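The primary structure of each chain is shown beneath.
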Amino acid sequence: MATPSSKKTLMTLYSGNDCVFAHRVRFVLEEKAMEYQTIDVDLANKPEDLAELNPYNQVPTLVDRDLAIHESVLIMEYLDERFPHPPLIPVDPISRAKVRLGLLRFDRDWFAPLFQPGYSAEQIKTAKEQIRSTLAGLSSIFSQQRYLFGDELSVLDCAIAPLLWRLPVLEISLPAAARATQEYMDRVFTLESFKRCLTPAEKAMR
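Looking up the chain in an unreviewed UniProt entry gives the name Glutathione S-transferase N-terminal domain-containing protein, with the organism given as Acidithiobacillus ferrivorans.

(A) Fine view of the UniProt feature "domain: GST C-terminal" (unreviewed entry) in the chain. The residues that UniProt annotates with the feature "domain: GST C-terminal" (unreviewed entry) are residues 92-206. Secondary structure content for residues 92-206 is 70% helix and 0% strand, and the end C-alpha separation is 37 Å.

(B) A look at the state of the cysteines. For the structure on display, the rule yields 0 disulfides. Cys-158 forms no disulfide, and the closest cysteine sulfur to it belongs to Cys-197, at a distance of 8.7 Å.

(C) Here's a closer look at unusual backbone geometry. In this structure, Pro-60 follows Val-59 across a cis peptide bond, with omega equal to 0°. In this structure, Pro-60 sits in the loop between helix H2 (48-53) and strand S3 (61-64). In this structure, Pro-86 follows His-85 across a cis peptide bond, with omega equal to -10°. Locating Pro-86 in the fold gives a position in the loop between helix H3 (72-82) and helix H4 (93-115). For Ala-33, which is not glycine, the phi dihedral falls at a positive 55°. Its place among the elements puts Ala-33 in the loop between helix H1 (20-31) and strand S2 (36-40). Residue Ala-33 is classed as exposed on the basis of its relative accessible area of 61%. Here the phi dihedral of Asn-57 falls at roughly 55°; this positive angle occurs in a residue that is not glycine. With respect to the helices and strands, Asn-57 occurs in the loop between H2 and S3.

The rules behind the values
Residues numbered from 1 in each chain as written. Predicted model: local features only at pLDDT ≥ 70, side-chain atom pairs only at ≥ 80, totals over all residues. Heavy atoms only, no water. UniProt positions renumbered as here; feature names shortened; annotations may be inferred. Helix = DSSP H or I, 4+ residues; strand = E, 2+ residues; numbered from the N terminus. Disulfide = S-S within 2.5 Å. Buried < 20%, exposed > 50% of the residue type's maximum accessible area, 1.4 Å probe, protein only.

Here's what the structure looks like:
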């Protein structure tokens, strides 16, 4: 793997204009109020250095000094450890494990079928049905707490928010009874950090 240039003082994010995984990372960077530069990657014409930095030649890829890191969950965890304020991942091992299990479920059950190739129409339909029913069921939780893991924003919220933003594009609607879930979504979407992380393509989704 190529070594990033140590001359770069700002972090550099190789991002996609409508990449749901890069959207996660941009949200965390903005929530941390980090200075960074973004390289918008044309997925049909990727820059040569991306393949040198990331053996999978994919976005998101984050370059921080001598480190190039890929995969959105790994990047989010790295950013929270490197810049611990405000904290997005709990400190105690049990809570950390619960958060990581939640991230794993998001990616395996929802993000993979909807945003990665190789899934059948039936698998995509099933994922959409699970999302709709799960979000409806979470309404009872959101009526008692502000975010997924309590009353403070966590990496779970940062991970799922880009999918929630895309619900209209995915043609997933919530039942009227899921009012508390809708209020949770509105709460996240009105955060200044979330608004700042949106690309023009993502703003056009709603």
